[in-house]
Amino acid sequence: MRLLPVPRIVQLEVTSACQLRCRFCPRTILADSWITAHLPWDSFAALLPDARRVEQVHLQGWGEPLLHPRLWDMAAALKKAGCRVSLTTNAMLLDSAASREACRLGIDLVAVSVAGARATTNDSLRLGSSLERIAAHVAFLCEQRPRPRVVLIMQMMSPNLPELPELVTLAARLGADEVSAPNLDYIPSPEVDALRAFGREPDPLAAQVMTEARRRGEELGVAVRLWGLSPRDDVMVCEADPLHNLWVAVDGRASSCAYLALPCRRPFPRLFGGVREEVDRCTFGDISRGLAAVWNSREARRFRQAFARRHHWGQLGFALDALLNRAAPAAPPDPPSPCRHCYKLYGI
């Protein structure tokens, strides 16, 4: 019997609960409509029959995964199925017992979210967080053998962008393998919009900071991945890669990415270019139907087809335009309507 295709990577929101109150997080901004819940075990179990055909399951979401009482049971089941398992954590609960369990289970990657290389910056942006405690937890995890790949993630914002080189130095001191610095690109309010670092006037200082961060990475043996600060018009498929990846929200509903399935009781706000709009959740069905069934549903296929057309245009359109000597290429096909006002579609 021919098996239906499945996604390459599944991002699984195991919880929407968190003990922090980050100034830039929609969970803080939208607290009055936020739904706090753990992913039910039955919803998780529905993934397992197809998990052996998935390359990686990433345990993350708008909440803190280590708050889920059965997180390690989930990880163990996924490892038994044969797929790579990773997670993103704020590391406040990543104590010695949690680190040892992650190592015992063979977790492949642990990404640790911070908001600065200095305690004053991190702790003021991520209320309830302690960079000192995070550093101690990361250092302990990095001392274990064998251990997961460890990545420090810092969303670039105007208050912390100057600290990028220091973050690389901190990663090296703690024994981490990589620093990853995406943009703060989901903007739910004007207050968060004021924090973003991208899309401003060209800043020579920002370029110098990013160059220095890369130089330190090479010098200290830390991989450094930085996002650009200027929008691009050549991005046909966003970094979330909806052609191959699937997001499963805490209520078991599947979507293309976290930005389209926030756990809210009503449409949620999004600012794009300073203009506010209300966004409805865009989902493809409940994972209780099975991973392959959701991935191959009519709604999911229609959503991917829009990106597939853009992908093919990007491969063929530019080449044809160059061959025909056109001064300007024809416009690419439209993305799905929920994605048209998302910064990720512009390489941010």
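Structure: above.
Throughout what follows, the structure given in this document is the object of discussion.

Cut-offs used in this document
- Residues numbered from 1 in each chain as written.
- Predicted model: local features only at pLDDT ≥ 70, side-chain atom pairs only at ≥ 80, totals over all residues.
- Heavy atoms only, no water.
- Core = buried A, V, L, I, M, F, W, Y, C linked by side-chain atoms within 4.5 Å.
- Buried < 20%, exposed > 50% of the residue type's maximum accessible area, 1.4 Å probe, protein only.
- Helix = DSSP H or I, 4+ residues; strand = E, 2+ residues; numbered from the N terminus.
- Contact = heavy atoms within 4.5 Å.
- Axes fitted to C-alpha atoms, helices over the stretch in contact; angles between N-to-C directions.
- Parallel < 35°, antiparallel > 145°, perpendicular 65-115°, else oblique.
- Left-handed = near helix turned anticlockwise from the far one by under 90°.
- Nonpolar A, V, L, I, M, F, W, Y, C, P; charged D, E, K, R; others polar.
- 1 Å grid on protein atoms, 1.4 Å probe; cavity = no way out; pocket = protein on both sides within 12 Å on 5 of 7 lines; lining within 4 Å.
- Points joined across faces, edges and corners; volume = space filled by probe spheres on them.
- Expected span 1.5 Å × (residues − 1).
- Pairing = 2+ DSSP bridges.
- Salt bridge = Lys/Arg side-chain N within 4 Å of Asp/Glu carboxyl O.

## Digging into the nonpolar core
So, step 1. Among the nonpolar cores identified, the biggest contains 113 residues, and Leu12, Phe24, Leu59 and Leu164 are the most heavily contacted of them.
So, step 2. For this core, the element with the highest residue contribution is helix α7 (residues 131–143), accounting for 7 residues.
So, step 3. In contact with Leu164, not counting residues within four places along its chain, are Met154, Met156, Ala181, Val209, Met210, Ala213 and Leu226.

## What to know about the packing of helix α8 (residues 164–174) against helix α10 (residues 204–220)
So, step 1. The geometry of α8 relative to α10 is characterised by a closest axis approach of 7 Å and an angle of 15° between their N-to-C directions. Between α8 and α10, the angle is such that the two are roughly parallel. Of the two elements, α8 crosses α10, and the hand of that crossing is right-handed. Of the residues in α10, those touching α8 at Leu164, Pro165, Glu166, Val168, Thr169 and Ala172 are Val209, Met210, Glu212, Ala213, Arg216, Gly217 and Leu220.
So, step 2. For the contact of α8 with α10, a count of residues per class yields 8 nonpolar, 2 polar and 3 charged.

## Focus: empty space enclosed by the protein
So, step 1. This model, assessed by the stated rule, comprises 4 cavities of 30 Å³ or more.
So, step 2. Of the volumes computed, that of the largest cavity is approximately 80 Å³.
So, step 3. If you trace the largest cavity, you find 13 residues lining it, with Cys238, Cys257, Phe307, Cys339 and Cys342 closest to the centre.
So, step 4. Classifying every residue of the lining of the largest cavity by side-chain character gives 10 nonpolar, 1 polar and 2 charged.

## Details of the packing of helix α4 (residues 71–81) against helix α5 (residues 96–105)
So, step 1. Closest axis-to-axis distance for the α4/α5 pair is 10 Å, and the angle between their directions is 15°. Relative to α5, α4 is oriented roughly parallel. At the point where α4 passes α5, the crossing takes the right-handed sense. On α5, the residues that touch Trp72, Ala75, Ala76 and Lys79 of α4 are Ala98, Glu101, Ala102 and Leu105.
So, step 2. A class-by-class count of the residues in the contact of α4 with α5 yields 6 nonpolar, no polar and 2 charged.

## Re α7
So, step 1. Across its 13 residues, α7 extends 18 Å between first and last C-alpha, which sits within 8% of the 18 Å expected from 1.5 Å per residue.
So, step 2. If you check which residues of α7 are buried, you get Leu131, Ile134, Ala135, His137, Val138, Ala139, Leu141 and Cys142.
So, step 3. Its buried side turned inward, α7 meets α5, β5 (109–114), α6 (119–125), β7 (149–154) and α8.

## What about the sheet that holds strand β3 (residues 56–59)?
So, step 1. Taken in spatial order, the 9 strands make up an open sheet running β9-β8-β7-β5-β4-β3-β1-β10-β11, and their pairing is mixed. Edge positions in the sheet fall to β9 (223–226) and β11 (254–255), since each has one partner strand and no second.
So, step 2. As defined by bridge partners, β5 adjoins β7 across 6 bridges and the pair is classed as parallel. Looking across to β7, one finds that Val112 is bridged to Leu152.

## Some thoughts on the environment of Ser43
So, step 1. When you line up the elements, Ser43 lands in helix α2 (residues 41–45).
So, step 2. It is 9.2 Å that separates the C-alpha atoms of Ser43 and Arg289, two residues lying 246 residues apart in sequence.
So, step 3. Excluding residues within four positions of it along the chain, Ser43 makes contact with Gly252 and Ile287.

## Overview of the pattern of salt bridges
So, step 1. In the structure shown here, the tally under the stated rule is 22 salt bridges.
So, step 2. Arg266 is paired through a salt bridge with Asp32; the nearest N and O atoms lie 2.8 Å apart. Taken together, the residues Arg266 in the loop between β11 and β12 (268–272) and Asp32 in the loop between α1 (26–29) and α2 connect sequence positions 234 residues apart.
So, step 3. For Arg104, the salt bridge is made with Glu101, and the minimal N-O distance between the two is 2.7 Å. Within this pair, Arg104 and its partner Glu101 are both found in helix α5, separated by 3 residues, close to a single helical turn.
So, step 4. Salt bridges linked by common partners bring Glu212, Arg215, Arg216 and Glu219 together as one network.

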